[in-house]
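# Commentary on secondary and tertiary structure
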Amino acid sequence: MSATGHGIERFALTPARRRKDRLARACILTATVVALIPLALIVYYLLSKGLGSWSWSFFTTDPTGNTFFAKESIGGIKSAILGTIEIVALAAALAVPIGVGVAVWLVEYGRSSRFAHTVRFFVDVLTGVPSIMFGLFVYIVLIAGTGSSYAAYKGSFALALLMLPVVTRSAEVVLLLVPGALRESALALGAPRWRTIARIVLPTALPGLVTGILLAIARAAGETAPLLFTAAATFRTSFSLSGFMNSLPVQIYNDVTSPTTAVVNRAWGAALTLVSMILLLNLFARLVARRSRLG
Amino acid sequence: MSPAESRIDPAGLPAPDMLEPKPANASQSAPHDGDAGEPTGLLAPAGLTVTLQRLKAFYGEVEQVKGIDLQFRSGEVTAIIGPSGCGKSTMVRCINRMHEEVPGARAEGRVLLDDLDVYDPSIDVVAVRRAIGMVFQKPNPFPTMSVFDNVAAGLRLSTRKAGDLQHRVESALRGAGLWEEVKDRLSEPGAGLSGGQQQRLCIARSLAVEPEAILMDEPCSALDPIATLKIEELIDQLKRRVTIVIVTHNMQQAARVADRTAFMLDGELIEVGPTEKIFTNPEDSRTEEYVTGKFG
């Protein structure tokens, strides 16, 4: 069977082979370019339309509510920026410990038990729930159900619910990547299991955990629907999580439907701000994760 | 049980009070009480005698270790040889109860440290593992930690007070023959060392907890010959302080380092005896076939 004696032809690159290679490469390249087009367009439009409304006062004044009188200022987006930071920070403070905790249980304790499979199934279901459902759920339970008013912390609850499955699933994947040998050597040193998790498993997984948490934060920071009827909107900057609070997505949502060009432009400026904030957060967290890790 | 085991650490450090003797065991462990503080400990072999009695290990329904009786004596190196999958590693992992960390795995029978059964329900598994160190096949320093922190890890991870960390890390590194090589890079990542250094770092890490026995599961299989030689020299020095059990695929290695050698096949102990006898004049024909390379 072995084709000896044919010399170099046996290893020769045939024209047909070469054509197939070129075709395959072209297909992959095309797919990459096509995928990049929307991304490039989004960045282009954000910059071209949003950058124009950026100014010092854009970031330092609250919206005034004026949309009709061209001579008067429409204000900036200070309350929306601070509101988004407050609401998302509280949401992350709720979702991250619980999500990471669930993931630790799934990986370190539940493993392939029946209950663990059930938990995984419902976490996956939760991932697929449209974000407006979380808003409605919180609205029904905490606002309509109790007969109370909109509040920023209720918006945070809705966002936390939205973040929870993202944090849990990404943390689970990352924790599974931590080599079992590290757990074993810690246990074999006489470390109790909880210390093995706290001192070895979690620090080793930290960069991956941070990435997953950031994905969740980025997703939550851009959500409008869960905030519309939980945190509502207001013009003034607020530091009270129990009152109405403005946020960037809701401000964008309200502004972009305005008939006044200046207000629509403010929506573009706010959108650019939101994207930039998430980008900065990403860069910052990557830097922290890199520094906290040796090697 | 042989009566003369001493549990004095030759370095003069306090012997870890592992396995806090329970009332039920108090009379059995009485012989050791007289040992405390005797200066003769410097010469007497330290380390625990580990005795397996009818030890069986299972993965689910599969019986991987089929009832083994075997003794690892203090002051000696015992090598376990045998073909892949014969249950060497599983047996060794039963000694410090790491076997049960595998989902679905369980063990039967008794494993005695001197005369305390580690499978006794009153025994704290964490204390057992502190008394019996383990070195794995692949060097696995903790990747987020420096050289120093790696060695200190066992002390910090255990719930007991660590005492003078600096001193204990240095003596563990000296004990592992690594101090001269790393004393200027203690704050560098442990994963940055060479493979052989990493494995000696792992040995230092387990020495720092001051175990009385060390289980080595093919510790040199990922190392080059020079690094292997260093580990073997180290084993020779350590055996005065701790009982050593080494699983190896390398029969030359068993011949070089072990005082006694045990040959396993299909989950059973075929033969155990002085290393020289196992390699030159074994009693069982299967042992002879294995050590002469006819199978395995």
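Residues numbered from 1 in each chain as written. Chains lettered and ligands numbered in written order. Predicted model: local features only at pLDDT ≥ 70, side-chain atom pairs only at ≥ 80, totals over all residues.

## A closer look at the overall build of chain B
Helices and strands together make up the secondary structure of chain B, namely 11 helices and 10 strands. Summarising the internal contacts of chain B: among those between residues at least 6 apart in sequence, 72% fall at separations of at least 24. (Helix = DSSP H or I, 4+ residues; strand = E, 2+ residues; numbered from the N terminus. Contact = placed C-beta atoms within 7 Å.)

## Observations concerning helix α4 (residues 114-128) of chain A
In this model, α4(A) (15 residues) spans 22 Å end to end at C-alpha, consistent with the 21 Å of a helix rising 1.5 Å per residue. Within α4(A), only one of the 15 residues are buried, leaving the element largely exposed. (Expected span 1.5 Å × (residues − 1). Buried ≥ 20, exposed ≤ 12 C-beta atoms within 10 Å, placed from the backbone.)

## Brief notes about the sheet that holds strand β7 (residues 213-217) of chain B
Residues and elements named next belong to chain B. As summarised here, the arrangement of the six strands in space is β6-β7-β8-β3-β9-β10, forming an open sheet in which the pairing is mixed. Among the strands making up the open sheet, the edge pair consists of β6 (132-135) and β10 (268-274). Averaged over all adjacent pairs, the angle separating strand axes in this sheet is 15 degrees, with direction ignored. Helix α7 (residues 195-208) contacts β6 and β7 of the sheet and is inclined by roughly 170 degrees relative to β6. (Pairing = 2+ DSSP bridges. Axes fitted to C-alpha atoms, helices over the stretch in contact; angles between N-to-C directions.)

## Describing the confidence of the model for chain A
Residues shown with low pLDDT carry predicted positions that ought not to be read at fine detail. Taken residue by residue, chain A gives an average pLDDT of 89. The fraction at 70 or more is 94%. The secondary structure element of chain A with the lowest average pLDDT is helix α11 (residues 261-292) of chain A, at 86, and the one with the highest is helix α3 (residues 78-110) of chain A, at 95. (pLDDT = per-residue confidence, 0-100.)

## Focus: unusual backbone geometry
Both trends apply: most residues other than glycine have a negative phi, and most peptide bonds are in trans. Residues and elements named next belong to chain B. Non-glycine residue Glu210 carries a positive phi angle of around 55 degrees. Positive phi, normally seen in glycine, also occurs at Asp266, with a value near 50 degrees. Structurally, Asp266 can be placed in the loop between β9 (260-265) and β10.

## Considering the sheet that holds strand β4 (residues 105-113) of chain B
Residues and elements named next belong to chain B. The four strands are arranged β2-β1-β4-β5 in an open sheet whose pairing can be described as antiparallel. Lying at the two open borders of the sheet, with one neighbouring strand each, are β2 (62-72) and β5 (116-117). As paired elements, β4 and β5 share two bridges and run antiparallel to each other. Across the sheet, Leu113 pairs through a bridge with Leu116, a residue of β5. Those strands touched by helix α2 (residues 88-95) are β1 (50-59), β2 and β4, and its axis lies near 120 degrees from that of β1.

## Considering α7(B)
Residues and elements named next belong to chain B. For α7, which comprises 14 residues, the first-to-last C-alpha distance of 20 Å matches the rise-based estimate of 20 Å (1.5 Å per residue) to within 8%. Burial runs high along α7: 13 of the 14 residues are buried. One or two positions beyond α7, positive phi appears at Glu210, with a value near 55 degrees.

## Re the pairing of β9(B)
Residue and element names in this part refer to chain B. Of all six residues in β9, six are buried, a share of seventy percent or more. Where burial is concerned, the two faces of β9 agree: the one with Arg260, Ala262 and Met264 and the one with Thr261, Phe263 and Leu265 are both buried. In terms of strand pairing, strand β3 (residues 77-81) meets β9 through four bridges, oriented parallel. Counterpart to Ile81 in the pairing with β9 is Phe263. In this structure, the hairpin formed by β9 and β10 is closed by a connection of two residues, where Asp266 is found at a positive phi of approximately 50 degrees.

## Quick notes on the packing of helix α4 (residues 147-157) of chain B against helix α5 (residues 165-175) of chain B
Geometry of a packed helix pair, given as the angle between the helix axes and the separation of the axes. All names here are of chain B. Taken N-terminus to C-terminus, the directions of α4 and α5 make an angle of 110 degrees; their axes are 9 Å apart at the nearest point. Considering the angle they form, α4 stands roughly perpendicular to α5. Where α4 abuts α5, its residues Phe148, Val151, Ala152 and Leu155 lie against Leu165, Arg168, Val169, Ala172 and Leu173. (Parallel < 35°, antiparallel > 145°, perpendicular 65-115°, else oblique.)

## A look at the interface of chain A and chain B
Facing 20 residues of chain A, the contacting portion of chain B comprises 27 residues. When contributions to the side of chain A that touches chain B are tallied by element, the ones reaching two or more residues are α7 (180-188) and α8 (193-221) of chain A. It is α7(A) that contributes the most residues to the side of chain A that touches chain B, seven residues altogether.

## Here's the deal with the environment of Val104(A)
All names here are of chain A. Mapped onto the secondary structure, Val104 falls in helix α3. Overall, the presence of 21 C-beta atoms within 10 Å leaves Val104 in the buried class. Residues Val104 and Phe284 lie 180 residues apart in sequence; the distance between their C-alpha atoms is 25 Å. Those residues in contact with Val104, other than ones at most four positions away along the chain, are Leu175 and Ile197.

## Some thoughts on the confidence of the model for chain B
All names here are of chain B. With 83% of its residues at a pLDDT of at least 70, chain B reaches an overall mean of 84. The element-level mean pLDDT for chain B is lowest in helix α1 (residues 30-33), coming to 40, with β3 highest at 96. In the predicted assembly, ipTM is 0.77 and pTM is 0.79.

## As for the nonpolar core
Counting residues in each nonpolar core, the largest one holds 147 residues, and the members touching the most others are Met163(A), Val167(A), Ala204(B) and Ile246(B). When residues in this core are grouped by element, the largest group, 15 residues, is from helix α6 (residues 152-177) of chain A. Among all residues touching Met163(A), those that are not within four sequence positions of it are Ala91(A), Ala92(A), Ala95(A), Gly99(A), Ala216(A) and Ala220(A). (Core = buried A, V, L, I, M, F, W, Y, C linked by C-beta atoms within 7 Å.)

## Side note on the environment of Gln198(B)
Residues and elements named next belong to chain B. For Gln198, the position within the fold is in helix α7. Each C-alpha atom, one on Gln198 and one on Pro141, is 6.5 Å from the other, the two residues being 57 residues apart in sequence. Residues contacting Gln198, with those up to four places away along its chain left out, are Pro139, Pro141, Gly190 and Leu193.

## Considering the pairing of β1(B)
Along a regular strand, successive side chains alternate from one face of the sheet to the other. Residues and elements named next belong to chain B. Sheet analysis places β1 next to β2, joined by eight bridges and oriented antiparallel. Paired with Leu55 across the strands is Ile68, a residue of β2. Hairpin connection, β1 to β2: the antiparallel pair is bridged by two residues, and Gly60 has positive phi, about 60 degrees. By the bridge criterion, eight bridges tie β1 to β4 in an arrangement that is antiparallel. Counterpart to Phe58 in the pairing with β4 is Arg106.

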